[in-house]
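Here is what each chain is made of, one letter per residue.
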Amino acid sequence: MKSPFLYLNRWARWLHIYSAAPVLLLMIFFALTGVLLNHGNWNLGATEQSSQALNLPKALSELEWSQESAHTALSVLTWLDQTHAIRGVDIEINWALEEQLLLLHLDGPQGSYAVEVYPEESVAEVFVRQLPFFEMLNNLHRGKHVTGFWLWLSDISGVCMLVFCLSGLWLLLANTLQRATTLSWVSVGSVVMVLAVYLMH
């Protein structure tokens, strides 16, 4: 009869291989952006800022602008998205009724848009803030202004990384020739981490 440890080792080896395979690029991504986030003083590129004026279509100009209307705001957001590819994950809507002004702020990992809509003039002023590529990657790492799909994908990759590490540790400990060395390095790493956390306080 085969030892239960043989089955455990077989499953650990299988988990170690196939937990990393589907999230390999994500593991590299989080490792790279983790280093970048630790060095906020590094120059990752310049933030580009620009502005443009857009003419409102007649259908939007004829909407009810004398009161705060969700329908009006959503209509403007739909027009910006479908016609000008101006969109965001986190959206803030503000009304300035006395000035007949609609203010929109759209944030995404790649940057943000600030939109001022003047219905009486049938004009929308769009101010664009475009982040450099690596800053955008850092926002993805932090889960800042990202979609639910990205958050779900990040959670799945985190679980896979955890399984990868724990199964790898099991395989090392199961190897009697490497057990002492493995325990030594795990102990050293654990002490360094606990000490680093302690010294932060």
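Along each chain, residues carry numbers from 1 onward, in the same order as the chain's sequence is written. Where totals are concerned, whole chains, interfaces and linings use all residues; where local detail is concerned, this predicted model gives features only for residues with pLDDT of at least 70, and gives and counts side-chain atom pairs only at 80 or more. Each side-chain value is worked out from all heavy atoms of the structure, with water and hydrogens disregarded.

**Q** Pulling in residues and values, what's your account of the overall build of the protein?
**A** Only DSSP runs of H or I with at least four residues qualify as helices, and only runs of E with at least two residues qualify as strands; both kinds are numbered from the N terminus onward. Helix and strand content of the protein: seven helices and five strands. Each helix and strand of the protein, ordered N terminal to C terminal, gives the series α-α-β-α-α-β-β-β-β-α-α-α. This radius of gyration counts C-alpha atoms alone. The globule rule is 2.2 Å times how many residues there are, raised to the power 0.38. For 201 residues, the compact-globule estimate of 2.2 N^0.38 gives 17 Å, and the C-alpha radius of gyration of the protein, at 26 Å, exceeds that figure by more than 25%. Based on the C-alpha atoms only, the size of the protein along its principal axes is roughly 80 × 40 × 30 Å. Buried means the residue's accessible area, taken with a 1.4 Å probe over protein chains only, is under 20% of the maximum for its type, while exposed means over 50%, and partly exposed covers the values in between. Expressed as a percentage of the 201 residues in the protein, the buried residues total 29%.

**Q** Could you give an account of the pattern of salt bridges, naming the residues involved and the relevant values?
**A** In what follows, salt bridge is the name for a side-chain nitrogen of Lys or Arg lying within 4 Å of a carboxyl oxygen of Asp or Glu. The final tally for this structure, using the stated rule, is two salt bridges. Where Lys58 meets Glu62, a salt bridge forms, and the shortest distance between an N and an O atom there is 3.9 Å. Taking the relative accessible area as the measure of exposure, Lys58 reaches 65% and is therefore exposed. Of the charged contacts, one joins Arg87 and Asp81 as a salt bridge, the two residues approaching to 2.6 Å between their closest N and O atoms. The class of Asp81 is partly exposed, set by a relative accessible area of 30%.

**Q** Residues and numbers for the pairing of strand β5 (residues 123-130), please.
**A** The side chains of a regular strand alternate between the sheet's two faces. We treat two strands as partners when DSSP finds at least two bridges between them. By the bridge criterion, eight bridges tie strand β1 (residues 48-55) to β5 in an arrangement that is antiparallel. Bridge pairing in β5 links Leu54 to Ala124. Two elements, strand β4 (residues 111-118) and β5, share eight bridges in a ladder whose sense is antiparallel. Bridging across to β5, Tyr118 finds its partner in Val123. Where β4 folds back on β5, the antiparallel hairpin that results is connected by four residues, among which Ser122 adopts a positive phi of roughly 55°.

**Q** Can you explain the sheet that holds strand β2 (residues 90-96)? Please cite residues and give values.
**A** The antiparallel open sheet is built from five strands, whose spatial order is β1-β5-β4-β3-β2. With partners counted over all chains shown, the strands left at the sheet margins are β1 and β2, one partner each. On average, each strand axis in the sheet is inclined to that of its neighbour by 15°, with strand direction left out of account. Of the pairings in the sheet, the one linking strand β3 (residues 101-108) to β4 comprises seven bridges and is antiparallel in character. Note that in β4 the partner of Gly108 across the bridge is Gly111. Any two residues having at least one pair of non-hydrogen atoms within 4.5 Å are treated as being in contact. Axis geometry follows a simple rule: fit a line to the C-alpha atoms, using only the stretch in contact for helices, then measure angles between N-to-C directions, giving values from 0 to 180 degrees. Taken strand by strand, helix α4 (residues 70-84) contacts β1, β2, β3, β4 and β5, and its axis lies near 50° from that of β3.

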